[in-house]
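Coordinates in review
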Amino acid sequence: RQPELNKKMWGILFDWLSVVSHKFKFVPRSLQLACDYMRRYLMDVPIERKRLQLLGIGALCLACKHEEVMIPNMADFVYICDTAYPLEALMSMEIEMLNTLDLHLNLPTAHDYLLPLLRTFGAVPAEPDGEEPAPLAAWCECLTLVGLARLEVAVRAPAQLARCVATLAGLLSRGVVNEIVQADGSRASG
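So, here is what we can say about the structure in this document. Note on numbering: residues in each chain are counted from 1, in written sequence order. Where local features are concerned, this predicted model is filtered to residues with pLDDT of at least 70; where side-chain atom pairs are given and counted, the filter is 80 or more; whole-chain, interface and lining totals use all residues. Side-chain metrics rest on all non-hydrogen atoms present in the structure, leaving aside hydrogens and water.

1. Regarding the packing of helix α2 (residues 28-44) against helix α3 (residues 52-67)
Stated formally: Orientation is described by axes fitted as lines to C-alpha atoms, over the contacting stretch for helices, and by angles from 0 to 180 degrees between their N-to-C directions. Only runs of H or I of at least four residues qualify as helices and only runs of E of at least two qualify as strands under DSSP, and these elements are numbered from the N terminus. Should an angle fall under 35 degrees it is called roughly parallel, over 145 degrees roughly antiparallel, and 65 to 115 degrees roughly perpendicular, with every other angle called oblique. Put simply, a crossing is left-handed when the front helix is turned counterclockwise from the back one by less than a right angle, and right-handed when it is turned clockwise. In what follows, residue pairs with any heavy atoms lying within 4.5 Å of each other are defined as contacts. Put simply, Ala, Val, Leu, Ile, Met, Phe, Trp, Tyr, Cys and Pro go in the nonpolar bin, Asp, Glu, Lys and Arg in the charged bin, and everything else, Gly too, in the polar bin.
The contact between α2 and α3 brings their axes to 8 Å, and the two run at 130 degrees. In terms of orientation, α2 lies oblique with respect to α3. Relative to α3, α2 is oriented so that their crossing is right-handed. Every residue of α3 that contacts α2 at R29, S30, L31, L33, A34, Y37, M38, Y41 and L42 is listed here: L55, G56, A59, L60, L62, A63, C64, H66 and E67. Looking at side-chain class alone, the contact of α2 with α3 contains 13 nonpolar, 3 polar and 2 charged residues.

2. Examining the environment of T100
Position of T100 relative to the elements: it lies in helix α5 (residues 87-100). Setting aside chain neighbours within four positions, we find T100 in contact with Y41, D44 and V45.

3. Regarding the nonpolar core
Test applied: What we call a nonpolar core is a set of buried Ala, Val, Leu, Ile, Met, Phe, Trp, Tyr and Cys residues that are connected through their side-chain atoms within 4.5 Å. Summary of the burial criterion: residues with accessible area below 20% of their type's maximum are buried, those above 50% are exposed, and those between are partly exposed, where the area comes from a 1.4 Å probe applied to protein chains only.
With 39 residues, the main nonpolar core has Y37, Y41, L55, I57, L60, F77 and M97 as its most contacted residues. Those elements that provide at least two residues to this core are α1 (7-24), α2, α3, α4 (74-80) and α5. Those residues in contact with Y41 that sit more than four places away from it in its chain are I47, L55, M93, E96, M97, T100 and L101. Of all hydrophobic cores here, the second largest spans 11 residues; its members include L118, C140, A162 and A169.

4. Focus on the packing of aromatic side chains
How we decide: Only Phe, Tyr and Trp rings take part, Trp by its six-membered ring, and two of them pair if their centres are within 6.5 Å. Stacked means planes under 30 degrees apart, edge-to-face means over 60, and tilted covers everything else.
Throughout the structure, instances matching the rule amount to 3 aromatic pairs. Seen in terms of ring centroids, F26 and F77 are 6.4 Å apart; in terms of plane orientation they differ by 25 degrees. Their pairing is stacked. Of the two residues, F26 sits in the loop between α1 and α2 while F77 sits in helix α4, which places them 51 residues apart along the sequence. The class of F77 is buried, set by a relative accessible area of 1%. A network of ring pairs unites the aromatic residues F24, F26 and F77 as a single cluster.

Keep in mind these values describe shape, not function.
Here is the structure:
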């Protein structure tokens, strides 16, 4: 439905948004919400290639307003785009997205589905009081973002992605993959 866009552009945009999210120290859910906003918007509205970055930064700006405690100034979002768009264009994109999404902003993300599953492995605390999650949780967040960066995965239900990542995490956390089956069928200890 997007004649000017291709799968590679989605990956580049998502990669850039993940760098921006990391730079601003946003919570993982903000990036996943932005991905969901972009996906749903693109399902209904054709967009020009030159406005794709504006769509991405507009989605991230909306997600931050919904999810973050401290959000950057909108001028910072314009600056991070190398001032390719004026502030008015960013504000118009937000309004356009809000109208297209019918103000449905609080939807479950892969992160929301993944957290309870990771609690069963003890990878995240039940009551996070500034406690760092286990390395397995960080690895799962990265794998989830890699999945969302792939257009084929991003269009599927976030619960499916979370279950796939959690299943792999469960196998790794319980040591099920101690042996690797080699190409010739023999087993080697790992």
